[in-house]
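# Coordinate analysis (summary)
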Amino acid sequence: MLDAIREIDPLYMMMGLAGICIVLFLLIVALLVKVGQLKKRYENFMSGSNGKSMEGIILENFDVMNDIVREQRRIDHEMNKVQREYSRTFSKMKVYKYNAFPDMGGDTSFVIALLDENNNGTLLNGMNAQNGTYMYAKEIVNGSSQIALSEEEIYTLQECMNQ
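The name given to the chain in an unreviewed UniProt entry is DUF4446 family protein, with the source organism recorded as Candidatus Anaerostipes excrementavium.

Here is the structure:
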């Protein structure tokens, strides 16, 4: 193989090397053009609009994001406060009408159950009789009462708790 290389004319060898150098030179020129285009695109990207730099826009966006995070935390705090308040408000209500005295006729008596989400609240029982209406209020704690409940009150309480 060395003999084959020695037999090649040096002029051909020089022409081959010159051809390779020309191809390499053209590749370098093409790469320089591509780098120039990329540099130009980078500068356009970094210059931003109206002369602002991209760094300034990014920092401005970080400030906006920080404001949004602060506002979200405030909203979360307010939502937790509202949720705590809501848990203590009457959110379950049931009205049951019944006939307390059969000789009166009609369902003129009633039981009203007012409970929060923890089944705490009150039962109001209005019994309509010939000589007047009698109102009773019974405290409900965790779904039960310390005072005995009538059938109508038990039914109304169960219906209200199952809402």
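Having seen the structure, we can now continue with the description.
From N to C terminus, the chain includes 4 helices and 4 strands. Its helices and strands taken in sequence order, the chain reads α-α-α-β-β-β-β-α from the N to the C terminus. For 163 residues, the compact-globule estimate of 2.2 N^0.38 gives 15 Å, and the C-alpha radius of gyration of the chain, at 44 Å, exceeds that figure by more than 25%. By its C-alpha atoms, the chain is 135 × 50 × 30 Å across when sized along the principal axes.

The full count for this structure, using the stated rule, is 4 salt bridges. We note a salt bridge from Asp67 to Arg70, for which the minimum N-O separation is 2.3 Å. One end of the pair is Asp67 and the other is Arg70, both in helix 3 (residues 54–87) and 3 residues apart, which spans about a single turn. Arg88 serves as the salt-bridge partner of Glu85, at 2.6 Å between the closest nitrogen and oxygen.

Judged by nonpolar contacts, Tyr98, Val111, Ala113, Leu115, Leu123, Ile140, Leu157, Cys160 and Met161 together constitute the single largest core of 9 residues. Only strand 2 (109–115) and helix 4 (151–161) provide two or more residues apiece to this core. Not counting residues within four places of it along the chain, the set of residues in contact with Ala113 comprises Lys92, Met93, Lys94, Thr122, Leu123, Thr156 and Cys160.

Looking now at the packing of aromatic side chains. A full pass over the atoms with the stated rule returns 2 aromatic pairs. With centroids separated by 6.0 Å and ring planes inclined at 15 degrees, the aromatic side chains of Tyr96 and Tyr98 adopt a geometry described as stacked. Owing to a relative accessible area of 6%, Tyr98 belongs among the buried residues under this scheme. Through successive ring pairs, a cluster of aromatic residues spans Tyr96, Tyr98 and Tyr155.

The next thing to look at is the pairing of strand 4 (residues 132–140). Every regular strand shows the same layout, with side chains that alternate between the two sheet faces. As paired elements, strand 3 (residues 121–129) and strand 4 share 9 bridges and run antiparallel to each other. Across the sheet, Gly126 pairs through a bridge with Met135, a residue of strand 4.

Taken in spatial order, the 4 strands of this open sheet run 1-2-3-4, and their pairing is antiparallel. Only two strands of the sheet have a single neighbouring strand rather than two, namely strand 1 (92–98) and strand 4. Put simply, the sheet's adjacent strands are angled 10 degrees from each other on average, direction ignored. Lying on the sheet, helix 4 is in contact with strand 1, strand 2, strand 3 and strand 4; it crosses strand 1 at an angle near 150 degrees.

Rules used throughout
Residues numbered from 1 in each chain as written. Predicted model: local features only at pLDDT ≥ 70, side-chain atom pairs only at ≥ 80, totals over all residues. Heavy atoms only, no water. Helix = DSSP H or I, 4+ residues; strand = E, 2+ residues; numbered from the N terminus. Rg over C-alpha atoms; globule rule 2.2 N^0.38 Å. Salt bridge = Lys/Arg side-chain N within 4 Å of Asp/Glu carboxyl O. Core = buried A, V, L, I, M, F, W, Y, C linked by side-chain atoms within 4.5 Å. Buried < 20%, exposed > 50% of the residue type's maximum accessible area, 1.4 Å probe, protein only. Contact = heavy atoms within 4.5 Å. Phe/Tyr/Trp six-rings, centres within 6.5 Å; stacked < 30°, edge-to-face > 60°. Pairing = 2+ DSSP bridges. Axes fitted to C-alpha atoms, helices over the stretch in contact; angles between N-to-C directions.

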